[in-house]
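Topology and contacts: notes
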Amino acid sequence: MLNTQEKPLAVEASQSLSARSAQFFLRSGLLIGVIILFVVLAIIAPNFMTERNLLNVLRAVAFNGIVACGMTLIIISGDIDVSVGSAIAWSSSLLGVLAIKNGWPLELAIVVVLIQGMLIHIIAGSIRVRWGVPAFVVTLALFISLRGAARLITNAYPITPFPDYFNFIGGGFVLQGLPFLERGIPVPVVIMLATFVVFYFISTRTVYGRSVYSVGGNEEAARLSGVPVGRTRIMTFAITGFLAAACGVLISSRIMSGASNIAEGLEFEVIAAVIIGGTSLAGGSGSIIGTFLGVLFIGLLSNGMVLLGIPSFVQEVVRGFIILFAVLISIWQNSLQKQVSKAR
């Protein structure tokens, strides 16, 4: 029989093993889920495996994925940004006004749009840091005002046309002749993959990346350790604003117009993808690879619902439950981390 000292040790070891097993399942389960979802849709969804549909999936995943890289850092740092969809619409509208209405050189207009996207979010981050306003409140204000400003400067009408060559970065292809994708890989997908590689390096191999995790894990401890907490938060907002503006440029290139009605609801799909990918809403943990899988999962699910003829209002209900499910996953992940920490 176990003595009184051995029993607690056995129970503790069992709890530790259970928590670690659950964590492993959480990390690998998403990859398995993506594979299963892909196979199921290939079997039951009409035209899922056609080249045209696969290209549509890749493009949709690309636009969300680019923004999701910045959102991952935002949430790891303990903040959140609900304004990225409106920031994309504002950037697209501003690009149309500058390049088409005002006749600016397209290249100059793109640079200005990218810079302003970063500056707006720097201001938002500064308000968050200087006055301690919750990030949700600050970005909610942007969510409302940027969409309204986009409609104001465009009168809620698309601004067109852009020069034909502009379509390449949002609608062009590279590496033509691949199996299942004879037309090639969409340029936005290449940009997305490059973005994920860069952000994986940033999050795992740089001082800034380690600072983001430290700030999200324990802000006070990070400050006492010499981490520039305020600067780290502001930089994270700036990066996300830049990516949202870049996505606005890419979507404008794809649809060949500056539009105020694009990216509606995108922020919630991105947040759900990041959380499903394993990033904790409480901050301090998450990964770029997990976000990539989360974006794929959301993209495949959305495409499958369209192909299966599910009504749009039902799709909205499903997306709402996905967000709730993502939050529950985040809560579960936090409890697992606490169990693992106690076991250690």
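Residues numbered from 1 in each chain as written. Predicted model: local features only at pLDDT ≥ 70, side-chain atom pairs only at ≥ 80, totals over all residues. Heavy atoms only, no water.

Another point: the overall build of the chain. A tally of regular secondary structure across the chain gives 13 helices and two strands. Counting only residues that meet the buried cut, the chain has 49% of its 344 residues in that class. Long-range contacts, defined here as pairs at least 24 residues apart, represent 78% of the contacts in the chain between residues at least 6 apart. (Helix = DSSP H or I, 4+ residues; strand = E, 2+ residues; numbered from the N terminus. Buried < 20%, exposed > 50% of the residue type's maximum accessible area, 1.4 Å probe, protein only. Contact = heavy atoms within 4.5 Å.)

To continue, consider empty space enclosed by the protein. In total, this model carries one cavity of 30 Å³ or more according to the counting rule given. As for the largest cavity, its lining consists of A87, W90, S91, Q116, G117, I120, H121, L146, G241, A244 and A245. Going through the elements one at a time, α3 (84-101), α4 (106-131) and α10 (229-255) are the ones with two or more residues in the lining of the largest cavity. Broken down by element, the residue count for the lining of the largest cavity peaks at four residues, all from α4. Classifying every residue of the lining of the largest cavity by side-chain character gives six nonpolar, five polar and no charged. (1 Å grid on protein atoms, 1.4 Å probe; cavity = no way out; pocket = protein on both sides within 12 Å on 5 of 7 lines; lining within 4 Å. Points joined across faces, edges and corners; volume = space filled by probe spheres on them. Nonpolar A, V, L, I, M, F, W, Y, C, P; charged D, E, K, R; others polar.)

Further remarks concern a nonpolar patch on the surface. Taken together, the side chains of L31, I32, I35, I36, F38, V39, V40, I43, I44, M49 and L308 make up a nonpolar region of the molecular surface, amounting to roughly 970 Å² of accessible area. Residue position: V39 is located in helix α1 (residues 6-44). (Patch = residues over 30% accessible without salt bridge, like charges linked within 9 Å, V, L, I, M, F, W, Y side chains within 5 Å. Areas by Shrake-Rupley, 256 points an atom, 1.4 Å probe, with all protein chains shown as cover. Salt bridge = Lys/Arg side-chain N within 4 Å of Asp/Glu carboxyl O.)

So, on to the packing of helix α11 (residues 266-276) against helix α12 (residues 288-307). The packing of two helices is summarised by the inter-axis angle and the distance between the axes. The interhelical angle for the contact between α11 and α12, taken along N-to-C directions, is 125°, at an axis separation of 7 Å. In terms of axis orientation, α11 runs oblique to α12. The chirality of how α11 crosses α12 is right-handed. Contacts between α11 and α12 involve E269, A273, V274 and I276 from the former and T291, G294, V295, I298 and S302 from the latter. Residue composition of the contact of α11 with α12, grouped by class: five nonpolar, three polar and one charged. (Axes fitted to C-alpha atoms, helices over the stretch in contact; angles between N-to-C directions. Parallel < 35°, antiparallel > 145°, perpendicular 65-115°, else oblique. Left-handed = near helix turned anticlockwise from the far one by under 90°.)

The next thing to look at is the environment of A141. Counting through the fold element by element, A141 comes out in helix α5 (residues 135-154). Since its relative accessible area comes to 44%, A141 is described here as partly exposed. Between the C-alpha atom of A141 and that of S83, which follows or precedes it by 58 residues, the distance is 7.9 Å.

The next subject is the layout of surface pockets. Estimates place the volume of the largest pocket at around 820 Å³. Along the walls of the largest pocket sit 32 residues, with A60, N64, E269, S302 and R319 positioned nearest its centre.

What follows deals with the pattern of salt bridges. Taken as a whole, this structure holds seven salt bridges when the rule is applied. Two residues, R128 and D79, come together in a salt bridge whose shortest N-O distance is 2.8 Å. Of this pair, R128 sits in helix α4 while D79 sits in the loop between α2 (51-76) and α3; the two residues are 49 residues apart in sequence, bridging distant segments of the chain. The two residues R128 and D79 agree in class, both being buried. Among the salt bridges present, the one from R319 reaches E269, with a minimum N-O distance of 3.2 Å. Separated by 50 residues along the polypeptide, R319 in helix α13 (residues 312-343) and E269 in helix α11 bring together distant segments of the chain. Residues joined in a network through salt bridges with shared partners are D79, R128, E219, E220, R223 and R233.

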